[in-house]
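Here are the chains, one letter per residue:
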Amino acid sequence: MTIEGRSVEQAHAMLERSAGVYRDRRDLMLGYQWSQRLEGYARLGPFLDFHIDNIGDPFSPSLTALNSKEYEREVLDYFARLWHARSPSDVADPDSYWGYVLSMGSTEGNLFAMWNARDYLSGSDLLADGRALERRREPVLFYSGDAHYSLAKGAAMLRLPTFHELGGSRYPGQCPITATGQWPAAVPSVGGCTGTGSIDVGELAALVEFFADRGHPPCIMLNLGSTFKGACDVPEAVWNEIEGVLLRNGLRDESNGSGRQGYWLHIDGALGAGFLPFVEMAAEQGLIAESGPRFDFRLPYVSSIVTSGHKWFGTPFPTGVYMSKQKLRMAPPSDPRYIGSPDTTLSGARNGLSSLLLWYALSLRGHADQVRAACDALDLADYLVQRLRELENSAGTPLWVERAEHALAVRFRRPAESIVAQFGLVGERAYLDDGADRDYVHVFCMPHVTKQVIEKLLTELSAPSAFSR
Ligand SMILES: Cc1ncc(COP(=O)(O)O)c(C=O)c1O
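**Some words on empty space enclosed by the protein**
Point 1. According to the stated counting rule, one finds 2 cavities of 30 Å³ or more in the structure shown.
Point 2. Put simply, the largest cavity is a space of about 60 Å³.
Point 3. Along the walls of the largest cavity sit G225, G230, C232, L271, G272, F275, L276, H406, A407, L408 and F444, which together make up its complete lining.
Point 4. Examining the composition of the lining of the largest cavity, we find that 3 residues originate from one element, helix 8 (residues 272-284), more than from any other.
Point 5. Of the residues assigned to the lining of the largest cavity, the class counts are 7 nonpolar, 4 polar and no charged.
Point 6. Considered as a void within the structure, the second largest cavity measures approximately 40 Å³ in volume.
Point 7. If you go around the second largest cavity, the residues you meet are S35, R37, W312, F313, R365, Q370 and P447.
Point 8. Across the lining of the second largest cavity, the residue classes tally to 3 nonpolar, 2 polar and 2 charged.

**With respect to the site of the ligand**
Point 1. Near the ligand you find 14 residues, and of these S106, T107, T227, D268 and S308 are the closest.
Point 2. At 3.1 Å from an oxygen atom of the ligand is found a side-chain nitrogen or oxygen belonging to H310.
Point 3. At a separation of 3.0 Å, an oxygen atom of the ligand approaches a polar side-chain atom of K311.
Point 4. The cavity where the ligand resides is the largest pocket.
Point 5. Across the shell around the ligand, the residue classes tally to 1 nonpolar, 11 polar and 2 charged.

**As for the state of the cysteines**
Point 1. Per the stated rule, a full pass over the model turns up 0 disulfides.
Point 2. Between C175, a cysteine without a disulfide, and C193, which holds the nearest cysteine sulfur, the sulfur-to-sulfur distance is 17 Å.
Point 3. Given a relative accessible area of 5%, C175 falls into the buried group.
Point 4. Counting only cysteine sulfurs, C445 is the nearest neighbor of C232, a cysteine outside any disulfide, at a range of 15 Å.

**Points about the domain arrangement of the protein chain**
Point 1. Its domain assignment divides the protein chain into domain 1 (3-39 + 370-461) and domain 2 (69-364).
Point 2. One C-alpha centre belongs to domain 1, the other to domain 2, and the line joining them spans 28 Å.
Point 3. With 34 residues of domain 1 in contact, the opposing surface of domain 2 contributes 31 residues.
Point 4. For the pair domain 1 and domain 2, the summed buried surface comes to about 2,500 Å²; carbon and sulfur atoms form 68% of the total.
Point 5. It is Q33, Q370 and H406 that lose the most area in domain 1 upon contact with domain 2, and together they represent 25% of the buried surface on that side.
Point 6. The tally of links between domain 1 and domain 2 comes to 0 salt bridges.
Point 7. Linking domain 1 with domain 2 are 6 residue pairs in polar contact (both at pLDDT 80 or more).
Point 8. At the level of elements, helix 11 (367-395), strand 7 (409-413), strand 8 (426-431) and strand 9 (437-444) are the ones that each hand at least two residues to the side of domain 1 that touches domain 2.
Point 9. Residue composition of the side of domain 1 that touches domain 2, grouped by class: 21 nonpolar, 6 polar and 7 charged.

**Some thoughts on the environment of L121**
Point 1. Within the fold, L121 resides in helix 3 (residues 106-122).
Point 2. On a C-alpha basis, the gap between L121 and I339 in space is 28 Å, while along the polypeptide they are 218 residues apart.
Point 3. Sequence-distant contacts of L121, defined by excluding residues within four places in its chain, comprise R137, P139, P217, P218, C219, Q261, G262, Y263 and W264.

**Here we look at the pairing of strand 1 (residues 97-102)**
Point 1. In terms of burial, strand 1 is a largely internal element, 6 of the 6 residues being buried.
Point 2. Examined bridge by bridge, strand 1 and strand 6 (residues 320-325) share 6 bridges and lie antiparallel to one another. Its bridge partner lying in strand 6, G99 is registered against M323.

**Brief notes about the sheet that holds strand 7**
What links the strands of a sheet is backbone hydrogen bonding, and the strands pair in either a parallel or an antiparallel sense.
Point 1. As summarised here, the arrangement of the 3 strands in space is 7-9-8, forming an open sheet in which the pairing is antiparallel. The strands lining the two open edges of the sheet, one partner per strand, are strand 7 and strand 8. Neighbour-to-neighbour, the strand axes of the sheet open up by a mean angle of 35 degrees, direction not taken into account.
Point 2. Note that strand 7 and strand 9 share 5 bridges and pair antiparallel. The residue of strand 9 that forms the bridge with R413 is Y440.
Point 3. Here helix 11 sits on the sheet in contact with strand 7 and strand 9, set at roughly 15 degrees to strand 7.

**Some points on the pattern of salt bridges**
Point 1. This structure, assessed with the given rule, holds 26 salt bridges.
Point 2. The residue R329 makes a salt bridge to D57 at a minimum N-O spacing of 3.1 Å. A residue pair is termed long-range when its members are at least 10 positions apart, and R329 in the loop between strand 6 and helix 10 (352-364) and D57 in the loop between helix 1 (8-26) and helix 2 (69-82) qualify at 272 residues. Just as R329 is buried, D57 falls in that class too.
Point 3. Taken together, the salt bridges that share partners define one network made up of R37, D369 and R372.

**Here's the deal with the sheet that holds strand 5 (residues 304-308)**
Point 1. A sheet is described by the order of its strands in space; here 6 strands give the open sequence 1-6-5-4-3-2, paired in mixed fashion. Edge positions in the sheet fall to strand 1 and strand 2 (140-142), since each of these pairs with one other strand and no more. The average angle at which neighbouring strand axes cross in this sheet is 15 degrees, direction not considered.
Point 2. Across the face of the sheet, helix 3 comes into contact with strand 1, strand 2, strand 3 (218-223), strand 4 (264-268), strand 5 and strand 6 while running at roughly 180 degrees to strand 4.

Each value, and the rule that gives it
- Residues numbered from 1 in each chain as written.
- Predicted model: local features only at pLDDT ≥ 70, side-chain atom pairs only at ≥ 80, totals over all residues.
- Heavy atoms only, no water.
- 1 Å grid on protein atoms, 1.4 Å probe; cavity = no way out; pocket = protein on both sides within 12 Å on 5 of 7 lines; lining within 4 Å.
- Points joined across faces, edges and corners; volume = space filled by probe spheres on them.
- Helix = DSSP H or I, 4+ residues; strand = E, 2+ residues; numbered from the N terminus.
- Nonpolar A, V, L, I, M, F, W, Y, C, P; charged D, E, K, R; others polar.
- Near = heavy atom within 4 Å.
- Polar contact = N/O pair within 3.5 Å; in protein donor to acceptor, adjacent residues only side chain to side chain.
- Sits in = over half its atoms within 2 Å of the grid points.
- Disulfide = S-S within 2.5 Å.
- Buried < 20%, exposed > 50% of the residue type's maximum accessible area, 1.4 Å probe, protein only.
- Domains from an automatic or database assignment.
- Contact = heavy atoms within 4.5 Å.
- Buried area = accessible area lost by both parts, 1.4 Å probe.
- Salt bridge = Lys/Arg side-chain N within 4 Å of Asp/Glu carboxyl O.
- Pairing = 2+ DSSP bridges.
- Axes fitted to C-alpha atoms, helices over the stretch in contact; angles between N-to-C directions.

Next up, the structure:
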């Protein structure tokens, strides 16, 4: 007997049933930014017979022979090329990249970035020279109202104060961007709840200036594909606005006598850092008119980037990539002999299958395939917007159809719950300035989403009862 008193045969039958249910539902999964285009992974079935573990640093040998660090390093090199990081990774080259493949998704990468940023900015020991800052500093965290909830969670776990917390406790009533001086919970996005979803660069710069002038080094988390709207912040625009303030406060670069810069700029590219490089390639090839914002290590002020493997690329379980630079790394808090390799990542045991799967996915699909998939996904999002607008005109009901630039997310009025359930749509409530609210859902046009499924959704949305409450 197995759990719940089932026989092994009953357990097998149950698994088969579940696999069938998942198969039937997969193509209709429109609500989350997870690619369900996962062809070919069955080939990696034999690896399920081993526990493959990349415990410790990807660039150091393991005590366990059953590791996939060789694959992990190839995956990292791929992303280093994709994101124009300086390669190869080399501890002796401060500007070369360092990173690792995540066992969780971008949540882990965001947490790791915030942990590293907090310790870097406050002045703890650097990995490179083991030196701490003589004068400790108190960093402050900024993210927009459209940022993923992992940032608030990470800030709470790490006790890394947001500008809201630090402002409220240390500088009450002095917020430079509100009429009352009250500190908002997050940096406003352009146009508020129903706006584009991109961070308001002017407001961010005013907040950064306020804190930088009072000695607080900023840790700025930017979105490259926000969770609900799929919106991108524009790192170059942010830098142009804050560079002068950082310079004036001796925070801009390492030449301030402390040997380290006084800011951290993280790119939360859970979906966008995987997808937008191929949009840029498509634009270069003349396949589409414009690429998205530049976000990668070509911008020397980008400190770290994260992306999820299961979003644009598609893997059967959460994974992702964190990448930064050698010179920004912190000395790990301990040096456990037990793992035979420096403990420079977040977890202990690290999922070695993730590296194998990502390696395989990247080997199977070259850039040409990814560029085509990116163009198809953008075309499908265009098509959905156009058809929803037609539907709105013919139905005479406002559907609030919205889409951020280069986003694969299309937002519209929440339909009947049966439609929400059938297509796995995901909702959010927006609060307007006049006190009214709106219930939205979104569709993410990920690589597995076909035009046929979009037509099926549109047919459902065309029914007279689709939007009646
Ligand atoms: C912008 C953004 N950041 C971080 C995450 C968290 O990623 P994961 O679910 O891979 O941990 C998401 C997830 O949707 C996201 O949209």
